[in-house]
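Letter by letter, the chains look like this.
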Amino acid sequence: MWQMKSSCERQLSCPNNNGTLIYDPGWVYWDDCVKKTVAYCNKIGWMVDFGNHADECFFTNPDRTIRISSRRKKENQLYYLLHELGHVLFYLDQRDFGVVTLGAKKTNNSKSKRVATVVEEMIAWKMGLELVPALGFMINRENCDKVMVECLQSYFEWAGRKA
């Protein structure tokens, strides 16, 4: 059973053992979570654009905009947004975790650049998902993991191809 408070302050009392949702609370809940995440992006100086983008999601540093495809269901838009926010936080953090050094001044087809890209993708997922408790909502970790694995798998396949 779950209880609702105000629209952006929903408190769910039916999490599983690790504090994530075990059912889909519906579009309105996910929309509220997206709005809270967008507000955080705005607070740190980034805009979010939901549009009919060919790519699932990406961010552009010059105009400080995160772009999320509106073609996906609202829950998945949240996961993509958290991931792209993870990229933003990675760049704002200025710690390179060895990734920038690994991929620096390499061609896009070099092994070092490919490995650096995969590592950065994994760090961006981690950094984005670590924000969830501070943003005040819960996610369905099983569904989020499916999205994350699908995205990371495409990077693994790309990185494993011969140059």
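Cut-offs and rules
Residues numbered from 1 in each chain as written. Predicted model: local features only at pLDDT ≥ 70, side-chain atom pairs only at ≥ 80, totals over all residues. Heavy atoms only, no water. Disulfide = S-S within 2.5 Å. Buried < 20%, exposed > 50% of the residue type's maximum accessible area, 1.4 Å probe, protein only. Helix = DSSP H or I, 4+ residues; strand = E, 2+ residues; numbered from the N terminus. Expected span 1.5 Å × (residues − 1). Arc of directions from axis to C-beta. Contact = heavy atoms within 4.5 Å. Phe/Tyr/Trp six-rings, centres within 6.5 Å; stacked < 30°, edge-to-face > 60°. Lys NZ or Arg CZ within 6 Å of the ring centre and 35° of its normal. Salt bridge = Lys/Arg side-chain N within 4 Å of Asp/Glu carboxyl O. Axes fitted to C-alpha atoms, helices over the stretch in contact; angles between N-to-C directions. Parallel < 35°, antiparallel > 145°, perpendicular 65-115°, else oblique. Left-handed = near helix turned anticlockwise from the far one by under 90°. Nonpolar A, V, L, I, M, F, W, Y, C, P; charged D, E, K, R; others polar.

## Overview of the state of the cysteines
Scanning the entire structure with this criterion turns up zero disulfides. Note on Cys144: no disulfide assigned, nearest cysteine sulfur contributed by Cys151 at a separation of 9.4 Å. The class for Cys144 is buried, based on a relative accessible area of 0%. Its relative accessible area of 18% is what places Cys151 among the buried residues.

## A few points about helix H6 (residues 141-160)
Helix length check: H6, at 20 residues, gives a terminal C-alpha distance of 27 Å against a target of 28 Å (1.5 Å per residue), a fit within 8%. What H6 keeps buried is the set Cys144, Val147, Met148, Cys151 and Leu152. With its buried residues spanning 115° around the axis, H6 presents them on a single face. Seen from the buried face of H6, the exposed residues on the opposite side, beyond 90 degrees, are Glu142, Lys146, Val149, Glu150 and Gly160. Those residues of H6 that are buried are in contact with helix H2 (74-93) and helix H4 (111-130).

## Topic: the packing of aromatic side chains
Within the structure shown, the criterion is met by four aromatic pairs. Here Tyr155 and Trp158 contribute two aromatic rings whose centre-to-centre distance is 6.4 Å and whose plane-to-plane angle is 85°, an arrangement assigned as edge-to-face. Here Tyr155 and its partner Trp158 are both found in helix H6, three residues apart, which amounts to about one turn of the helix. Here the aromatic residues Tyr29, Trp30 and Tyr79 are joined through ring pairs into a cluster of three or more. Over the ring of Phe50 we find Lys74, and its NZ or CZ is 5.6 Å from the ring centre. When the ring centre of Trp158 is taken as reference, the NZ or CZ atom of Arg114 above it lies at 5.5 Å.

## Some words on the pattern of salt bridges
Evaluation of the coordinates by the stated rule reveals eight salt bridges. For the salt bridge of Lys126 with Glu130, the shortest nitrogen-to-oxygen distance reads 2.2 Å. Taken together, the residues Lys126 and Glu130, both in helix H4 and four residues apart, mark about one turn of the helix. Exposure remark for Glu130: the relative accessible area of 49% places this residue in the partly exposed category. Among the salt bridges present, the one from Asp145 reaches Arg141, with a minimum N-O distance of 2.7 Å. In this pair, Asp145 and Arg141 both sit in helix H6, four residues apart, roughly one turn of the helix. One connected set of salt bridges, linked through shared partners, spans Asp31, Lys35 and Lys74.

## So, the packing of helix H1 (residues 27-43) against H2
The description of two packed helices rests on the angle between their axes and on the distance between the axes. Relative orientation of the contacting elements H1 and H2 amounts to 15°, with a least axis distance of 9 Å. On the basis of the axis angle, H1 is roughly parallel to H2. Crossing angle aside, the handedness with which H1 passes H2 is left-handed. For the pair formed by H1 and H2, the contact residues are Trp27, Trp30, Asp31, Cys33, Val34, Thr37, Val38, Tyr40 and Cys41 on the first element and Lys74, Glu75, Leu78, Tyr79, Leu81, Leu82, Leu85 and Leu89 on the second. Class assignment for the residues of the contact of H1 with H2 results in 13 nonpolar, one polar and three charged.

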